[in-house]
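As a plain string of letters, each chain reads:
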Amino acid sequence: MLAKYWKKIGMLILIIACVFNVMSKLVHKLSLNKEMLYSAQYMFEQQENEENKENQTN
């Protein structure tokens, strides 16, 4: 019986996994404001690191 329905069972498992993945991302999604702040902070830290490296080599 399993051999007869393996494609349908596999597709059902795939659909359920995709639904759980999407729901998980929606539940744990950061707000746009927080995401923008974190991105700006990261860019600022990267710029400071580059300036520190330049100052150390000079």
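Reference entry: report on the structure contained in this document. Please read these numbers as outputs of a predicted model, since none were measured by experiment.

**Details of the overall build of the protein chain**
Assigned secondary structure in the protein chain consists of 2 helices and 0 strands. For 58 residues, the compact-globule estimate of 2.2 N^0.38 gives 10 Å, and the protein chain exceeds it by more than 25% at 23 Å. Oriented by its inertia axes, the alpha-carbon framework of the protein chain measures out at about 75 × 30 × 10 Å. Residues classed as buried in the protein chain amount to 0% of the 58 residues present. Roughly 6,100 Å² of accessible area belongs to the protein chain as shown, and the carbon and sulfur atoms make up 64% of that amount. Distance between charge centres in the protein chain, computed from 7 positive and 6 negative side chains, equals 33 Å.

**Side note on a negative patch on the surface**
A contiguous patch of negative charge, built from E45, E48, E50, E51 and E54, is present on the exposed surface. With respect to the helices and strands, the residue E45 is situated in helix α2 (residues 32-57). Residue E45 is classed as partly exposed on the basis of its relative accessible area, which comes to 37%.

**A closer look at the environment of E35**
Looking at where E35 falls in the secondary structure, it is placed in helix α2. With relative accessibility at 43%, the residue E35 sits in the partly exposed group. Sequence separation of E35 and A17 is 18 residues, and the distance between their C-alpha atoms is 26 Å.

**Quick word on the environment of V22**
Tracing the backbone shows V22 in helix α1 (residues 6-27). Between the C-alpha atoms of V22 and K4, which are 18 residues apart in sequence, the distance is 30 Å.

Rules behind the numbers
Each chain carries its own residue numbering, running from 1 in the direction its sequence is written. Only residues with pLDDT of 70 or above have their local features reported here, since the model is predicted, and side-chain atom pairs are shown and tallied only from 80 upward, although totals for entire chains, interfaces and linings are computed over all residues. Think of the side-chain values as coming from all heavy atoms in the structure, minus any hydrogens and water. Strands are runs of DSSP state E lasting at least two residues, helices are runs of H or I lasting at least four, and both sets are numbered from the N terminus onward. The quantity called the radius of gyration is restricted to C-alpha atoms. Its globule counterpart is 2.2 Å times the number of residues to the power 0.38. Type-normalised accessible area, obtained with a 1.4 Å probe on protein chains alone, sets the label of each residue: buried when under 20%, exposed when over 50%, and partly exposed for intermediate values. Method for areas: the Shrake-Rupley scheme with a 1.4 Å probe, in which residue coverage is limited to the protein chains shown. Note that His is not counted, nor are the chain ends; the positive residues are Lys and Arg, and the negative ones are Asp and Glu. In this description, the location of a charge corresponds to atom NZ of lysine, CZ of arginine, CG of aspartate or CD of glutamate. Without a salt bridge and with relative accessible area above 30%, a residue can belong to a patch; like charges are then joined within 9 Å and nonpolar side chains (Val, Leu, Ile, Met, Phe, Trp, Tyr) within 5 Å. Think of a salt bridge as a Lys or Arg side-chain nitrogen and an Asp or Glu carboxyl oxygen that are within 4 Å of each other.

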